[in-house]
Amino acid sequence: MAHDTTLSDAHAEHEHHELPTVFGFWVYLMTDCIIFGSLFAVFAVLRNQFAGGPTGKELFELSGLALETALLLVSSITYGFGMIAAHKGEIKSVQMWLGVTFLLGLGFVFLELKEFSHMIAEGAGPDRSAFLSAFFTLVSTHGLHVSCGLVWIIVMIVQLSGVTAINERTMNKLTMLSLFWHFLDIVWICVFTYVYLASMI
Amino acid sequence: MSTDHSAHGGSSHGSAGSYVIGFVLAVILTAAAFMVVMGHSLSPSATLTTIAALAAVQVVVHLVFFLHMNTTSEQAWNNKVFLFTLGFVVILIVGTLFIMGNTAAHMMSR
């Protein structure tokens, strides 16, 4: 009974006015958007400066890119299911979905690191040409964000393991992580379109 | 009663249905972009235009179905900040391309 009351109170409050923390986090995401915008601008300027080195067409593989994209896309919907479970107050289910999201995100980071190490081993590291410098800066900034998201997911799973009900504070944290995770997926849409696919035409 | 109501999750948080719709649309748009590039059936400029358009649509799909952006008054400030940022980023990218393109043309670096 006590459990239900806490949940419905927290939920009702959350539903009727979004706390300023969530809005503040939204503003942070928008500034992050400007960082990525700058890096995309840099990449757009340097995309043909190969300095006699390998081009994107020679380096990128569609199959690996498709797998990375699929992992990130599926992790978006699994996080969404986690949020739905959170609004229902099903803590175990939230932890399970967060765990699945974590594994998918980890798979993405693993594939990206594998791709990077493969490129560097081939002599196509960030020091090879302006194109590769811009490529590594942009893509690894996104990868670093995903890695931070992974740490955040672990923190949330641990925080949820000790509670019997999801209070408003925890719900806000989950909501902000949701915005963060889905935002990174949006950045990835631009990465796979303008960095990878556009280089392979 | 109120407990029962709250168990269903408000529309502003997105329901399982809206997540699934968003996901299906995202998969279709992503697959279309990959197929256009892999198919090599369009000219390079037409391919670029097509994948750019597909990406723009997919960004909107993600914003609406995953980040739950909407036009309610509760979201008014989020939307204002978003539009400001969008304008900022467009000026940043278009301005950079214009200035650097102009510089390259004058320096005859290509």
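Residues numbered from 1 in each chain as written. Chains lettered and ligands numbered in written order. Predicted model: local features only at pLDDT ≥ 70, side-chain atom pairs only at ≥ 80, totals over all residues. Heavy atoms only, no water.

K.L.:
Account for the overall build of chain B, naming residues and giving values.
P.N.:
Of the regular secondary structure elements, chain B holds four helices and zero strands. Out of the 110 residues belonging to chain B, those deemed buried represent 33%. Relative to all contacts within chain B whose residues are 6 or more apart in sequence, the contacts with residues 24 or more apart total 52%. Here chain B displays about 6,700 Å² of accessible surface, and carbon together with sulfur accounts for 76% of that area. (Helix = DSSP H or I, 4+ residues; strand = E, 2+ residues; numbered from the N terminus. Buried < 20%, exposed > 50% of the residue type's maximum accessible area, 1.4 Å probe, protein only. Contact = heavy atoms within 4.5 Å. Areas by Shrake-Rupley, 256 points an atom, 1.4 Å probe, with all protein chains shown as cover.)

K.L.:
Summarise the overall build of chain A; cite the residues concerned and give the values.
P.N.:
Regarding its fold elements, chain A presents seven helices and zero strands. Traced from its N-terminal end to its C-terminal end, chain A shows the element sequence α-α-α-α-α-α-α. For chain A, the residues scored as buried account for 57% of the 201 residues in total. Considering only contacts in chain A between residues 6 or more positions apart, those separated by 24 or more positions represent 84%.

K.L.:
Report on the nonpolar core, specifying residues and quantitative values.
P.N.:
Residue and element names in this part refer to chain A. With 87 residues, the main nonpolar core has W26, L98, F135, W188, V195, Y196 and L197 as its most contacted residues. For this core, the element with the most residues is helix 7 (residues 168-200), which contributes 20 residues. Residues within four places of W188 in sequence aside, it is in contact with L65, E68, T69, L72, F108, E112, V139, H142 and Y196. (Core = buried A, V, L, I, M, F, W, Y, C linked by side-chain atoms within 4.5 Å.)

K.L.:
Can you tell me about the UniProt feature "transmembrane region" (unreviewed entry) in chain B, naming the residues and giving the values?
P.N.:
Residues and elements named next belong to chain B. As recorded in UniProt, the sites labelled "transmembrane region" (unreviewed entry) are residues 20-39, 51-69 and 81-100. Within residues 20-39, the helical portion is 100% and the strand portion 0%, while the C-alpha atoms at the span's ends are 28 Å from each other. Helix and strand shares over residues 81-100 are 100% and 0% respectively, and the end C-alpha atoms of the span are 28 Å apart. (UniProt positions renumbered as here; feature names shortened; annotations may be inferred.)

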